[in-house]
Amino acid sequence: MASAEPAPTRCLVFARVRPAVDREEGDLTAVFPNEAESYVEVDEDAGEAVNRLLSHHNPGSRGGGGTSGGGGAATETKGPKRYGFDGVFPSSSVQKDVFNQAGLPVLVDVMRGINGTIMAYGQTGSGKTFSLLNP
């Protein structure tokens, strides 16, 4: 059960990784949430693979329009980067978990007469409406 403690006085930042759509499943995953340690890891090498795949299917888009003629220089790997948050919700999270951890403390403060705001920020298609409105 969620506690009814007031929200801390500083701004908290949470990340919710939305469920993948069909075209993103499998080897195209580049974002890996770690709920236990509250970070999201973004594998830039996996992202480059996605860009190459997209540029192959969409000539003229970012990424050079396909594969090179072979024999070129080896591609430098960038490796994963970690981004820390106050809380992380993987794609398997249910709305109740998100509300209990991120929304309930704000609601408790609002009911006590303290101003509160919950803001969703992200790229188009990243899951903002999904996080705010889905049951």
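Here, residues in each chain are numbered from 1, in the same order as that chain's written sequence. For a predicted model such as this one, the threshold for reporting local features is a pLDDT of at least 70, and the threshold for listing and counting side-chain atom pairs is 80 or more; totals across whole chains, interfaces and linings nevertheless cover every residue. Side-chain measures here rest on the full set of heavy atoms in the structure, leaving out hydrogens and waters.

**Overview of a nonpolar patch on the surface**
Quick note on the threshold: Patch membership requires more than 30% relative accessible area and the absence of a salt bridge. Residues of like charge join within 9 Å; the nonpolar side chains Val, Leu, Ile, Met, Phe, Trp and Tyr join within 5 Å. Note on areas: these come from Shrake-Rupley sampling with a 1.4 Å probe, and a residue is covered only by the protein chains present in the view. Definition used for salt bridges: Asp or Glu carboxyl oxygen within 4 Å of a side-chain nitrogen of Lys or Arg. Segments assigned H or I by DSSP are reported as helices when at least four residues long, segments assigned E as strands when at least two residues long, and all are numbered from the N terminus. Buried means the residue's accessible area, taken with a 1.4 Å probe over protein chains only, is under 20% of the maximum for its type, while exposed means over 50%, and partly exposed covers the values in between.
On the surface, Phe99, Leu107 and Met111 cluster together to form a nonpolar patch covering roughly 320 Å² of accessible area. In this fold, phenylalanine 99 is placed in helix α2 (residues 95-111). When its relative accessible area of 39% is taken as the criterion, phenylalanine 99 is described as partly exposed.

**Considerations on the pairing of strand β2 (residues 31-34)**
The two faces of a sheet get side chains in turn, since along a regular strand they alternate between them. What counts, and what does not: Note on pairing: two strands pair once DSSP finds at least 2 bridges between them.
The pairing of β2 with strand β3 (residues 39-43) spans four bridges and is classified as antiparallel. When the sheet's bridge partners are listed, asparagine 34 is paired in β3 with tyrosine 39. With antiparallel pairing between neighbouring strands as the criterion, β2 and β3 make up a hairpin whose turn holds four residues, including serine 38 at a positive phi of roughly 55°.

**Some details on the pattern of salt bridges**
Inspection of the entire model under this criterion finds one salt bridge. Salt-bridge contacts for glutamate 41 lead to arginine 82; the nearest nitrogen and oxygen are separated by 3.2 Å. Of this pair, glutamate 41 sits in strand β3 while arginine 82 is found in strand β4 (residues 80-84), placing the two residues 41 residues apart along the sequence. Accessibility expressed as a relative area gives 21% for glutamate 41, which makes it partly exposed. Arginine 82 gets classed as exposed once you look at its relative accessible area, which sits at 53%.

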